[in-house]
Amino acid sequence: MQEMIVNLINGNLTDAKNQAKGFTYRQIINGGIYFGGFSRNKALKAAVYLCQPSQYTFQDYCDAK
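Everything numeric in this text was worked out from a predicted model, so none of it was measured.

Draft legend 1. Seen up close, the nonpolar core. Ranked by size, the top nonpolar core spans 14 residues in total, and within it M4, L8, I28, F38 and L50 carry the most contacts. Those elements that provide at least two residues to this core are helix 1 (2-10), helix 2 (13-20), helix 3 (25-36) and helix 4 (40-51). Looking at this core, the element that brings in the most residues is helix 4, giving 5 residues. What F38 contacts, discounting residues up to four positions off in sequence, is I5, L8, I9, G32, I33, A43, A46 and Y61.

Draft legend 2. Layout of helix 1. Inspection of helix 1 places M4, I5, N7 and L8 among the buried residues, and these make up the whole buried set. The arc that holds every buried residue of helix 1, seen down its axis, measures 160°, which confines them to one face. In this structure, helix 1 carries E3 and N10 as exposed residues pointing more than 90 degrees from its buried face. In this fold, the buried residues of helix 1 make contact with helix 2, helix 3, helix 4 and helix 5 (58-63). Remark: G11 follows helix 1 within two positions and exhibits a positive phi of approximately 90°.

Draft legend 3. The packing of aromatic side chains, seen in detail. Considering all chains together, one arrives at 4 aromatic pairs under this definition. Residues Y34 and F35 carry aromatic rings whose centres are separated by 4.9 Å and whose planes lie at 80° to one another, so their mutual orientation is edge-to-face. Centroid distance Y49 to F58: 5.8 Å. Interplanar angle 55°. Geometry classified as tilted. The ring of F38 has K42 sitting right over it, with the charged end atom 6.0 Å from the ring centre. Of note, K42 hangs over the ring of Y61, and the distance from its end group to the ring centre comes to 4.7 Å.

Reading the values: rules and limits
- Residues numbered from 1 in each chain as written.
- Predicted model: local features only at pLDDT ≥ 70, side-chain atom pairs only at ≥ 80, totals over all residues.
- Heavy atoms only, no water.
- Core = buried A, V, L, I, M, F, W, Y, C linked by side-chain atoms within 4.5 Å.
- Buried < 20%, exposed > 50% of the residue type's maximum accessible area, 1.4 Å probe, protein only.
- Helix = DSSP H or I, 4+ residues; strand = E, 2+ residues; numbered from the N terminus.
- Contact = heavy atoms within 4.5 Å.
- Arc of directions from axis to C-beta.
- Phe/Tyr/Trp six-rings, centres within 6.5 Å; stacked < 30°, edge-to-face > 60°.
- Lys NZ or Arg CZ within 6 Å of the ring centre and 35° of its normal.

Take a look at the structure:
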């Protein structure tokens with residue numbers, strides 16, 4: 001989980017998306033908050049971006065506060 005969040009933060013998007021396949025939305029949201037220090041909104045957008053990139057773009061994730 002921590003490696004996936006670090007990959008997302010560092011822009012290793014393909015690796016992060018592949019690693020996200022083993023986690024639920026809730027796990028990714030909690031991991032983003034715990035490991036990435038994200039707000040709940042940013043963690044939610046990260047989870048949706050990683051699991052269903054057609055819903056949110058990487059820019060939406062980056063712009064989230």
